[in-house]
Amino acid sequence: MAKQNQTKSNKIEQFDVAIIGAGINGAVAAAALSAAGQKVLLVDKGDFAGFTSQESSNLVWGGIKYLQTYEFWLVFKLCLARNKLMRAYPNQIKEIGFLASLGPTAPFGRLLGAFGTLFYWAIGLLGTTPPSTYSAKKAKELEPNLITGRKAVKYFDAQLPDNDSRFVYDFIRHAKSRGADVRNYTELTAAKFQGEWELTLKSGRKTATVTANSVVNAAGPYAQNVSALLGSKTKAGLVFSKGIHLILNRKLTEKYQVLAFWDEEGRLFYVLPMGDRSMIGTTDTRVEKPETKTNKEDIEFVLRQINAQLELAVPITEDQIVSDRSGVRPLVVESGESGGNQEWHALSRKHAIEANRDKRVVTILGGKLTDCLNVGEEVIDELKGFGMKLEDPGTWFGEGSQERKTEFFARVASQTKGDVDLIASGLWRRHGQRAFDVIGKEKLEDLFDGLGITAQELSYVAQHEDVVTRSDLLRRRLPVMMARSEKELTSNKKLQKLLVELGL
């Protein structure tokens, strides 16, 4: 364990582990290590989950597409990870059906689709609802917006009903509850190793120095930059794939399901539920840098794909876009691979963890949300390999007790005339038993029709969840800015008044 600060004046804070980067990998590492008795510091130069981890498809899936490249072991591991997450987060992660329309761009027909989805279900140890296949007539009955004459298959994975960054913050909250020091908008600017790490951190105009016995590099697409700063080069590297999503002001399916297609380039393409609206995407474009924006070509491509795959009375046009998401997938290139243009499409979302025992640095490269629990456990193992004494972390993740859920729903019913199930389920999903503290005993004021987010929740989150900016609150802690346009937010007088009161 880290030594206690020895002087009151000019004291340097000391930690067992400093984690750089607070996306999903950094957050799970912080939760796991703090549960293992380590004094943990977690920092991010932006907000928690403020970059790659806020731009996903919100899916928790076993990677059915990797069956096409025969990566059976990877699919098996991801399916087991998905099953584990579904058991641990019964409210935050929901099973969802994927209705895949077998049009001319699909790589297989109904028979092979039936075999593939059945194999996917089996390799996942039957952890979801069994798959089904449908004739063209039945598929059209199940989803009227599908193109007439196309058969379909349906398989099951899982989705985050809120948003990815909200899920990341749950791990950060677990880490804080066990004593971790977490700091957003804090950048590592210098590092020196002399038996222990001396790290210089900058937050706004303030600079501080801390020490740590070991460092976990969880900087996502910037991991190699941090490696250079630490002087701890990795064997594996990263290439970047840009993916964008568009959120529409309409629902493309009334059922809680994902519509799956293959775009004109033969890649999977989805219509996903986003609250009371729909999200469409994604793209897969090789880029050289992590910083990306949605451009005109992206929008034209996505709209062309969706309009070609659905029979809609009113085609989807650019003016129906509420918001967009653009991020990169950091794809691991193992030592000896080139990551050239011809082969990078075949790279999967596997992660790699490298340990530098001389400098006590663990670097996490790549990965995806589904595999996050494995990352946390692997980081613990690597630090043990450094000779550090870690306690058994026990159950360091999950939603905890569900005993008072029925009582909470009854409380919400007595405090609102709005949609009780929508408000109560959202509050319980995002806060668990803390939801009693969120709502207090006053009448609940619903701020957004169709979202189930109340003024009380907005205030609570702003005051208790490390919120610094308006985007922290409305984009990452709560899924507001994704499902509502800037115009809708600006015209919501109740919201604007509350934001002023909160100083945001």
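The structure displayed is predicted, hence computed values, not measured ones. (Residues numbered from 1 in each chain as written. Predicted model: local features only at pLDDT ≥ 70, side-chain atom pairs only at ≥ 80, totals over all residues. Heavy atoms only, no water.)

**Observations concerning the overall build of the protein**
- Helix and strand counts for the protein come out as 15 helices and 18 strands.
- What you see for the protein is a C-alpha radius of gyration of 23 Å, in line with the 23 Å of a compact globule of 504 residues.
- In terms of overall dimensions, the protein has a C-alpha envelope of 75 × 60 × 45 Å along the principal axes.
- Within the protein, the proportion of its 504 residues that are buried is 58%.
- In the protein, of all internal contacts separated by at least 6 residues, the share reaching a separation of at least 24 is 71%.
- In the form shown here, the protein has an accessible surface area of approximately 21,800 Å², with 50% of it arising from carbon and sulfur atoms.
- Both charge centroids of the protein, one from 68 positive and one from 61 negative side chains, sit 2 Å from each other. (Helix = DSSP H or I, 4+ residues; strand = E, 2+ residues; numbered from the N terminus. Rg over C-alpha atoms; globule rule 2.2 N^0.38 Å. Buried < 20%, exposed > 50% of the residue type's maximum accessible area, 1.4 Å probe, protein only. Contact = heavy atoms within 4.5 Å. Areas by Shrake-Rupley, 256 points an atom, 1.4 Å probe, with all protein chains shown as cover. Lys, Arg positive; Asp, Glu negative; His and termini not counted. Charge placed at Lys NZ, Arg CZ, Asp CG, Glu CD.)

**Some thoughts on the nonpolar core**
- Counting 50 residues, the largest nonpolar core has Ile19, Leu33, Ile93, Phe167, Phe171 and Trp396 as the members making the most contacts within it.
- Going through the elements one at a time, strand 1 (13–20), helix 1 (24–35), strand 2 (40–43), helix 2 (72–88), helix 5 (164–177), strand 18 (361–366) and helix 8 (372–385) are the ones with two or more residues in this core.
- Among the elements that make up this core, the one with the highest residue count is helix 1 (nine residues).
- In terms of nonpolar packing, the next biggest core, distinct from the first, is built from 47 residues, Phe98, Ile123, Leu474 and Val480 among them. (Core = buried A, V, L, I, M, F, W, Y, C linked by side-chain atoms within 4.5 Å.)

**Here's the deal with the packing of aromatic side chains**
- Applying the stated criterion across every chain, the model contains 19 aromatic pairs.
- Ring geometry for phenylalanine 115 versus phenylalanine 119: centroids 6.4 Å apart, planes at 5 degrees, classification stacked. Here phenylalanine 115 and its partner phenylalanine 119 are both found in helix 3 (residues 110–123), four residues apart, which amounts to about one turn of the helix.
- Owing to a relative accessible area of 56%, phenylalanine 115 belongs among the exposed residues under this scheme. (Phe/Tyr/Trp six-rings, centres within 6.5 Å; stacked < 30°, edge-to-face > 60°.)

**Focus on helix 15 (residues 493–502)**
- Taken as a whole, helix 15 has its buried residues at Leu495, Leu498 and Leu499. Projected down its long axis, helix 15 shows its buried positions confined to an angular sector of 100 degrees, all on one face. In helix 15, the exposed residues that point more than 90 degrees away from the buried face are Lys493, Lys497, Val500 and Glu501.
- Where helix 15 is buried, its residues contact helix 12 (455–464), helix 13 (470–477) and helix 14 (486–491).
- A side-chain oxygen of the first residue of helix 15 lies 3.3 Å from the backbone nitrogen of lysine 494; this N-cap is asparagine 492.
- Looking one or two places after helix 15, you find glycine 503, whose phi comes out positive at around 75 degrees. (Arc of directions from axis to C-beta. Polar contact = N/O pair within 3.5 Å; in protein donor to acceptor, adjacent residues only side chain to side chain.)

**Brief notes about helix 8**
- With 14 residues, helix 8 should cover 20 Å at 1.5 Å per step; its first-to-last C-alpha distance of 20 Å lies within 8% of that length.
- Among the residues making up helix 8, those that are buried are Cys372, Leu373, Val375, Gly376, Val379, Ile380 and Leu383. Down the axis of helix 8, the smallest arc covering the buried residues is 165 degrees, so these residues share one side.
- One or two residues past the end of helix 8 sits glycine 387, with phi positive at roughly 90 degrees. (Expected span 1.5 Å × (residues − 1).)

**Some thoughts on the pattern of salt bridges**
- Counted under the stated rule, the structure contains 32 salt bridges.
- Two residues, aspartate 164 and arginine 325, come together in a salt bridge whose shortest N-O distance is 3.1 Å. Within this pair, whereas aspartate 164 is found in helix 5, its partner arginine 325 is found in strand 16 (residues 321–333), the two being separated by 161 residues in sequence. The burial state of aspartate 164 is the same as that of arginine 325; both residues are buried.
- Look at the salt bridges and you will find they share partners, linking Asp263, Glu265, Arg267, Asp284 and Arg329 into a network. (Salt bridge = Lys/Arg side-chain N within 4 Å of Asp/Glu carboxyl O.)

**Describing the packing of helix 2 against helix 3**
- In the contact formed by helix 2 and helix 3, the axes pass within 9 Å of each other and the chain directions differ by 60 degrees. On the basis of their axis angle, the class for helix 2 and helix 3 is oblique. Residues Phe72, Val75, Phe76, Cys79 and Arg82 of helix 2 form the contact with helix 3, whose own contacting residues are Phe119, Tyr120 and Ile123.
- A breakdown of the residues in the contact of helix 2 with helix 3 according to their chemical character gives seven nonpolar, no polar and one charged. (Axes fitted to C-alpha atoms, helices over the stretch in contact; angles between N-to-C directions. Parallel < 35°, antiparallel > 145°, perpendicular 65-115°, else oblique. Nonpolar A, V, L, I, M, F, W, Y, C, P; charged D, E, K, R; others polar.)

**Comments concerning unusual backbone geometry**
- Of note, the bond from glycine 281 into threonine 282 is cis; its omega dihedral lies within 30 degrees of zero at 20 degrees.
- Looking at the element boundaries, threonine 282 is found in the loop between strand 14 (277–281) and strand 15 (285–287).
- One non-glycine residue, tyrosine 70, lies in the positive phi region at around 60 degrees.
- Following the sequence through the fold, tyrosine 70 ends up in the loop between strand 3 (59–60) and helix 2.
- A residue is classified by how much of its surface remains accessible, and tyrosine 70, at 64% relative accessible area, is exposed.

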